[in-house]
Structures are given as C-alpha cells and as structure tokens.
Amino acid sequence: MLLSKMAAEGGGKEMNEIKTQFTTREGVYKLLSHSEYSRPNRVPFNSQGSNPVRVSFVNVNDQSGNGDRLCFNVGRELYFYIYKGVRKAADLSKPIDKRIYKGTQPTCHDFNHLTATAESVSLLVGFSAGQVQLIDPIKKETSKLFNEERLIDKSRVTCVKWVPGSESLFLVAHSSGSMYLYNVEHTCGTTAPHYQLLKQGENFAVHTCKSKSTRNPLLKWTVGEGALNEFAFSPDGKFLACVSQDGFLRVFNFDSVELHGTMKSYFGGLLCVCWSPDGKYIVTGGEDDLVTVWSFVDCRVIARGHGHKSWVSVVAFDPYTTSVEESDPMEFSGSDEDFQDLLHFGRDRANSTQSRLSKRNSTDSRPVSVTYRFGSVGQDTQICLWDLTEDILFPHQPLSRARTHTNVMNATSPPAGSGGTNPGSNGNSITTPGNSVPPPLPRSNSLPHSAVSNAGSKSSVMDGAIASGVSKFATLSLHDRKERHHEKDHKRNHSMGHISSKSSDKLNLVTKTKTDPAKTLGTPLCPRMEDVPLLEPLICKKIAHERLTVLIFLEDCIVTACQEGFICTWARPGKGGLLSSQNQANSPSGTVV
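Residues numbered from 1 in each chain as written. Predicted model: local features only at pLDDT ≥ 70, side-chain atom pairs only at ≥ 80, totals over all residues. Heavy atoms only, no water.

Naming follows an unreviewed UniProt entry, where the protein chain appears as WD repeat-containing protein 20 of Alligator sinensis.

Each helix and strand in the protein chain was counted, giving ten helices and 33 strands. Sorting the 593 residues of the protein chain into buried and exposed places 58% on the buried side. Counting only contacts in the protein chain whose residues sit at least 6 apart along the sequence, the fraction spanning at least 24 positions is 60%. Put simply, the protein chain shows about 24,100 Å² of open surface, and 49% of that area lies on carbon and sulfur atoms. (Helix = DSSP H or I, 4+ residues; strand = E, 2+ residues; numbered from the N terminus. Buried < 20%, exposed > 50% of the residue type's maximum accessible area, 1.4 Å probe, protein only. Contact = heavy atoms within 4.5 Å. Areas by Shrake-Rupley, 256 points an atom, 1.4 Å probe, with all protein chains shown as cover.)

Right, let's talk about the sheet that holds strand 18 (residues 239-244) for a bit. If you trace the four strands from one edge of the open sheet to the other, you get 17-18-19-20, paired in antiparallel fashion. Since the sheet does not close on itself, it has two edges, and those belong to strand 17 (228-233) and strand 20 (258-264), each with one partner. Taken over all neighbouring pairs, the strand axes of this sheet differ in orientation by 20° on average, direction set aside. In this sheet, strand 18 lies alongside strand 17 in antiparallel orientation, the contact comprising five bridges. Residue pairing in the sheet places Glu230 in a bridge with Val243 of strand 18. (Pairing = 2+ DSSP bridges. Axes fitted to C-alpha atoms, helices over the stretch in contact; angles between N-to-C directions.)

Take the packing of aromatic side chains next. For the structure on display, the rule yields 26 aromatic pairs. Measuring from centroid to centroid gives 5.8 Å for Phe80 and Phe111, while their planes differ by 50°, and the two rings are tilted. Here the residue Phe80 occupies a position in strand 5 (residues 77-82), and Phe111 occupies one in strand 7 (residues 106-111), the gap between them amounting to 31 residues. We note that Phe80, like Phe111, is buried. The structure contains a cluster of three or more aromatic residues connected by ring pairs, namely Tyr37, Phe57, Phe72, Tyr79, Tyr81 and Tyr83. A cation over an aromatic ring shows up here: Lys161 above the ring of Phe231, its NZ or CZ 5.4 Å from the ring centre. (Phe/Tyr/Trp six-rings, centres within 6.5 Å; stacked < 30°, edge-to-face > 60°. Lys NZ or Arg CZ within 6 Å of the ring centre and 35° of its normal.)

Residue Pro217 follows Asn216 across a cis peptide bond; omega there is -5°. Look at Asn147: it is not a glycine, yet its phi comes out positive at around 55°. Within the secondary structure, Asn147 sits in the loop between strand 10 (141-146) and strand 11 (157-162). For Thr381, which is not a glycine, the phi torsion comes out positive at approximately 65°. Among the structural elements, Thr381 can be located in the loop between strand 27 (368-378) and strand 28 (382-388). Among the residues examined, Thr381 registers a relative accessible area of 5% and is labelled buried.

Another aspect to go through is the UniProt feature "repeat: WD" (unreviewed entry) in the protein chain. The sites that carry the UniProt feature "repeat: WD" (unreviewed entry) are, in the present numbering, residues 263-295. Annotated as residues 263-295, this span is 0% helix and 61% strand, and its ends, taken at the C-alpha atoms, are 10 Å apart. (UniProt positions renumbered as here; feature names shortened; annotations may be inferred.)

One open sheet accounts for four strands, arranged 3-4-5-6; its pairing is antiparallel. Single-partner strands in this sheet number two, and they are strand 3 (55-59) and strand 6 (97-100). Averaged over all pairs of adjacent strands, the angle between their axes in this sheet comes to 15°, without regard to strand direction. Pairing of strand 3 with strand 4 (residues 68-74) involves five bridges; the strand directions are antiparallel. When the bridges of strand 4 are listed, Asn59 appears paired with Asp68.

This paragraph deals with the pairing of strand 22 (residues 281-286). Most of strand 22 is tucked away, with six of its six residues classed as buried. What you see with strand 22 is no split at all: Tyr281, Val283 and Gly285 on one side and Ile282, Thr284 and Gly286 on the other are buried throughout. The pairing of strand 21 (residues 270-275) with strand 22 spans five bridges and is classified as antiparallel. Note that in strand 22 the partner of Trp275 across the bridge is Ile282. Counting the residues between successive antiparallel strands, the hairpin from strand 21 to strand 22 contains five residues, one of them, Gly279, with a positive phi of roughly 75°.

Listed below in structure tokens is the structure:
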C-alpha cells in the first residue's frame, strides 16, 4: 500500500526529494543549475506574506544574437537581467536594473513586445497598493505612474497586460473585481473618475469615464464577485478570458464588449487561465486542484485533469510540443487570414506550429491528428504536463474512416472571428460573440443534441464515447478513480480530496461557493465529474521547496519559479549542451528520476 501510494505521488526514495530531470515521450528535460536566476546573493527569500514571484520575458533583437531579457519580482525588489537560457550560465552580479520599493510591493509586470529595442523597452509594473508604473529598465527611467493617488482603485493589482497590437493601450485587473483600460498618453486626473454605463450583462458591467477631456481610465469593467485573479487575450487579440474568485471563467469579445461564454469551477475560485495556440481551447486552474479544458467554439467543458494535490497557480500551453500529424505531405496554401493569425501568436518562433494548426481549418480531406501539450504548476510544488488528444477533443463511435474524418473536420471549422460557420451546427454561425448558449455539439453522429442540457443522457453517451478509444498519451481513468483517490489524501481543507461519484457529496462541496450549486452543477456550466473525461498527467514531479508561481514555455527550455525567488531553466531534450554536463557534475542537492 505504501509503495503504491509513493508511486502514485511520483515519489522516489523520499517523498520530499526535489527532481532535477523528468522524461516524456520526446526525451529528458534537465534542470540547468548554472542557469538559475535569483537575487544576487542567491539567498532564499522569506516568502511569508509576500506577493507571488512573477517572471516576464522580452526579446530586444540586439546584434549579439542574445536578445532575451528577463524581469522578475521578489518581495519589494524588481530585477532586470540578460537571460542566457541554455547557452551560458547566469551572471547574477550584473543586473541591468534593480529597484527596491518602499510601502508597496510589485505584484505583476508585462513588456511591450511591439516597441522593444536594444536601447529601450516599455515595462508595466503593477503594485500591491493599486498603482501601475511604466518604466524603462534599459534607460533606467521611470516614465509614468498611473493611479498614483489610488483614486481609481485602492486594491492590489492582480494582472497587467499590454493590449495585443497596441503601443499605448494596457489593461489592469484588481482584487476588487474591476479591470481598467488605460492609455499611456493620457493622465489619470486629480479627482476620482465619474463613470457612465456603456454595457451591462450577466454579472458584468462596463463603464466609460465621464470627463470633459480624455483621461484614464478609458473603460472600467466590473466582472463577477470577488477578486479578478487573471485575464488572458486570445492569440488573435479579439477575445479576453477572465477568471475570478467566484469560480467563473468569462470570455468576452474585447472590442464589442459582449460576453461570449462562461464556465464554473468544480468548486472554489479560479486562479489562472491560458489559450491554446490556435485559440480554440482555454485551460483554467484553481482552488479545486483541477485543470479544466473549455472549448471556445462549443462553449463547454470538454475535459478535466487531476494531478495536483493543492491549488493550481499557473497553466500554460507549450506551442513547441503541440503536434500536428498528417497522413501525407501537404502543400501549405494559406490565406491572408492564416498569416494574420501568425502575426498575433506569441513569440515568432512558434509560428511553425501555428501554421500547421491553421491547416486544420482547410477543407482538405486527408486525416489530420493534433495533440495539444499544456502544463500546470501549483502550490503543491509540483509541475504537471498534460496531452490533449484527438480522442478527448472529438470522441465518436467507431465509424467508417471517411465518416469519422468528416466529424473531425466539422469540429475544426474556422474559429470565431475568421468569418466561417460550423457545418456541424445546422448552419448556425459560431462567430456570434454575444451568444453564451452553447451551439449543438459538433459530434452529432454519436451524441443527441439534447445531451447538452440533459445531464443524464449525456453521462451515458459520454461513457460509450470514451470507451471507444483511449490515447496512449492522455489516459482516462474513469473506472479506477475511486480506488486511486482513496490513496491520495489531501493536505489542504479547501482542496479537492476524494472525488466521489455520489452527486450529494459534490453538492455539499459546491455549496461553499456563492453561486447556488443547484443552478450550475450538472449543467454545461459545470458538468459532474463523471460527465467529462478525466485526464491523467504525463508527468507530475516535485521540483521546488516552496509553492510554484511561474511556468513559461520557450523554444529550447521551460522556465519555472517558486516563491523563494529562484527562477529555474529546464533544457528541452537535446538542448542542454555544455550547461547540461556541468549540471550533472554539480547538482548534489537534487535527485534524478
């Protein structure tokens, strides 16, 4: 029993050993101890009562070929370094810029990738007292301070991001539950802003600022109940996904300020959110210890993943491992829209994946298989990697090859915003951003349309659909779940613990939230556990002593960070080079598994 418990929890000789490498189907990921970034003295930071450590990257395209720059906050301090990644060891003695703040702490930050050059970068920094600062760490200048007198919002800044494609607009979320749109060219005024209602919907309202001259904020969004924990723009910049302490994911059309769709956590608040590289799926994580996969097109939960033993703090897709397999070589005859999509998607190096994903929108009849890779880190100090495979995305009963393939292509018609319609939806367009009612399911050959609203029939059909095929990479353990979860006891009273198949137990759990559980549990907003596939992580490894707060996928490495203030670089398979061999000789503190 003890051995099986240790195996289930990814344990080796001791449960508290920190892993320095892990293996997936593509090879071995290795921690590069010489590429660790931290405060210059490498002393672990006393993290009690401080805000989460965050990391931001920018590439300044300098002539040396080493244009990556790194910013991170630790307590009251903010650091800006040249990031050498897997190429060279970190030199902590020479930060480009270092700032220590009094009376407030940096909580989050974001670079403007459009305006970054070797001579100048624009970095937004949000603070625990509500202010937002615009600084240039290369010129060592402080340009502007927004909400300086805290007249706009007095609560902690939870998330700050530049609006995609803009050199001057940025969005700021606060723990008050409000978001504000700013323009760096405008002032914030000397008095508290007066607002005028622009648009109102279910649990959200958007106001404009009433004043004779244009001033900040341009817009005020009030979203849900409790803190607004994080938001993320879609790859094309047209949609905005927000997660709140009330447990809701809300997806808006950013320009028209229309609600596109919503989803409810199993219980507790949602803490983090991210988009798939092609904008078709959204993943959230939160206080239910789950990662939840939501379809943007269908506006419904398509899978949940359980591997963490405590709250999930960050989720992120890996665009470099997301794979598209074709049966035959295919010429790329992309449209202008395909190339427009590329312009908006993340770092330029990920474009190859994006262009291959965009081929799935074509009407080519050859079979195409896609696997999305995403990761999560949590307060349990563990990293989990997950594969989202075709059998989860498009479950169907065994049919002829041609018929099956038609279903897959129907489900992958152009995403919202590209002007297409879903042929599997009886001609109804999926591009209506204000339509929060899920369209009929794309896999109409295997599921009746009534399954959307009828939880009972959906459950039985889902069981049949799942039984028809399980990927070797993403395991669905719907049958052995009871035994497995009795082995995994929970360490936090807020967290999931045993996932019971008794619906009455679930109702008791959900009643802790502000939303009436009878209205959400067992509906498309929040399906029951047995109604959707449950993903198993590919790997689940303890990689830190303190809770993890950062997960970023780069081309040749994965970057993680913990609350002690250590930013770690994990070389992808075959990318370690010289640093990897140095690492093997100098890593007595960790264990290799």
